[in-house]
Amino acid sequence: ECDDGVLKGSIRDEGNTAMGGFKEYLEDTDMFEYVQGHSSAAGAGISECKIDDFIKFSNEQLKDVDFNSKAYPVDYIFNYNEDFAELIFDIDKGKEVWGQGVAEPTIAVKDIVLSKDDIVIMKNNCMKFNYNGISYVIFKNEQAINDFTEHDKFYVTVYGKGNVNEWCGKLTPQFLINAYSINKVGKYIF
């Protein structure tokens, strides 16, 4: 609370909820004196006389939003059988320009068919699998290792980013998994 009758503070959000960006939400209400900063970290001020209206408006506007559900912005969506290895090489060429205002492209791959024998466990709770010419990796995630080795056969949808891994002069398209959804194999898969 400030002497000028404005409630001021800072905001943070994960940026991947079903609600969308919190800063943008506050701006779109047209109730705030100011909202300044980055999409996931900003400062905001609202007149004390508008706070009840804002709460009432937000309760109605956001009543159907599941805040426990994550939403991910995706630039490319591929089915499991699509070949996009060359796209990863192209994406990797742009890494010099990524930063504020130029986001690194994100990718989702749907319904990759795997068995737990396809999973290679590495040290430090890291794992990988190869599929369609691409090496998919998860770093330092014990839960992922458990999830990926729980079923004999399963399919997984993954979300992440592509890059090129260089090892002993060999270039390999790589997919860094940030999130995944595993389902047991349905009868239509095999």
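Predicted, not measured: the structure shown is a model, and the values here were computed from it.

Bringing the overall build of the chain into the picture now. Check the secondary structure of the chain and you find four helices and ten strands. Counting from the amino terminus, helix and strand elements in the chain follow one another as β-α-β-β-α-β-α-β-β-β-β-α-β-β. For 190 residues, the compact-globule estimate of 2.2 N^0.38 gives 16 Å, and the C-alpha radius of gyration of the chain, at 21 Å, exceeds that figure by more than 25%. The C-alpha extent of the chain, read off along each of the three principal axes, is 65 × 40 × 30 Å. Across the chain, contacts joining residues at least 24 apart in sequence account for 62% of those joining residues at least 6 apart. Put simply, the chain shows about 12,000 Å² of open surface, and 46% of that area lies on carbon and sulfur atoms. On the chain, the mean spot of the 19 positive side-chain charges and the mean spot of the 32 negative ones are 7 Å from each other.

This part covers the nonpolar core. Ranked by size, the top nonpolar core spans 26 residues in total, and within it Phe84, Ile112, Leu114, Phe129, Tyr136, Phe148 and Phe175 carry the most contacts. Every element with two or more residues in this core is listed here: helix 3 (85-93), strand 5 (107-115), strand 7 (126-131), strand 8 (134-138), helix 4 (142-148), strand 9 (153-167) and strand 10 (170-184). The contact partners of Phe148, leaving out residues within four places of it in the chain, are Leu114, Lys116, Ile119, Met127, Phe129, Ile138, Phe154, Val156, Tyr180 and Ile182.

A separate point is the confidence of the model for the chain. Predicted coordinates in regions of low pLDDT should not be interpreted in detail. Across the chain, the average pLDDT comes to 88, with 94% of residues at or above 70. The least confident element of the chain, judged by mean pLDDT, is helix 1 (residues 22-29) at 89; the most confident is strand 8 at 96.

Before going further, it helps to examine the sheet that holds strand 2 (residues 32-37). With respect to topology, three strands assemble into an open sheet ordered 1-3-2, the strand pairing being antiparallel. In this open sheet, the two edge strands, each paired with only one partner strand, are strand 1 (6-12) and strand 2. Ignoring strand direction, the axes of neighbouring strands in this sheet form an average angle of 15°. Judged from the seven bridges that link them, strand 1 and strand 3 (residues 41-47) form a sheet pairing that is antiparallel. Residue Ile11 lies in a different strand from strand 3, and its bridge partner there is Ala42. Relative to strand 2, helix 1 is tilted by about 155°, and along the sheet it contacts strand 1, strand 2 and strand 3.

The next point concerns the pattern of salt bridges. Under the defined criterion, the tally for this structure stands at seven salt bridges. With a shortest N-O distance of 3.3 Å, Asp4 and Lys8 are connected by a salt bridge. On the basis of relative accessibility, which here comes to 41%, the residue Lys8 falls in the partly exposed class.

Time to look at the packing of aromatic side chains. Enumeration according to the criterion identifies eight aromatic pairs in this entry. Summarising the aromatic geometry, the rings of Phe78 and Phe84 are spaced 4.3 Å apart at their centres and angled 10° between planes, so their arrangement reads as stacked. On the basis of relative accessibility, which here comes to 12%, the residue Phe78 falls in the buried class. Three or more aromatic residues joined by ring pairs form one cluster here, namely Phe129, Tyr136, Phe148, Phe154, Phe175 and Tyr180.

Moving on, we come to a nonpolar patch on the surface. A cluster of nonpolar side chains, Tyr72, Val74 and Ile77, forms an exposed patch at the surface whose accessible area comes to about 250 Å². Along the polypeptide, Val74 turns up in the loop between helix 2 (51-61) and strand 4 (76-79).

Scoring rules and cut-offs
- Residues numbered from 1 in each chain as written.
- Predicted model: local features only at pLDDT ≥ 70, side-chain atom pairs only at ≥ 80, totals over all residues.
- Heavy atoms only, no water.
- Helix = DSSP H or I, 4+ residues; strand = E, 2+ residues; numbered from the N terminus.
- Rg over C-alpha atoms; globule rule 2.2 N^0.38 Å.
- Contact = heavy atoms within 4.5 Å.
- Areas by Shrake-Rupley, 256 points an atom, 1.4 Å probe, with all protein chains shown as cover.
- Lys, Arg positive; Asp, Glu negative; His and termini not counted.
- Charge placed at Lys NZ, Arg CZ, Asp CG, Glu CD.
- Core = buried A, V, L, I, M, F, W, Y, C linked by side-chain atoms within 4.5 Å.
- Buried < 20%, exposed > 50% of the residue type's maximum accessible area, 1.4 Å probe, protein only.
- pLDDT = per-residue confidence, 0-100.
- Pairing = 2+ DSSP bridges.
- Axes fitted to C-alpha atoms, helices over the stretch in contact; angles between N-to-C directions.
- Salt bridge = Lys/Arg side-chain N within 4 Å of Asp/Glu carboxyl O.
- Phe/Tyr/Trp six-rings, centres within 6.5 Å; stacked < 30°, edge-to-face > 60°.
- Patch = residues over 30% accessible without salt bridge, like charges linked within 9 Å, V, L, I, M, F, W, Y side chains within 5 Å.

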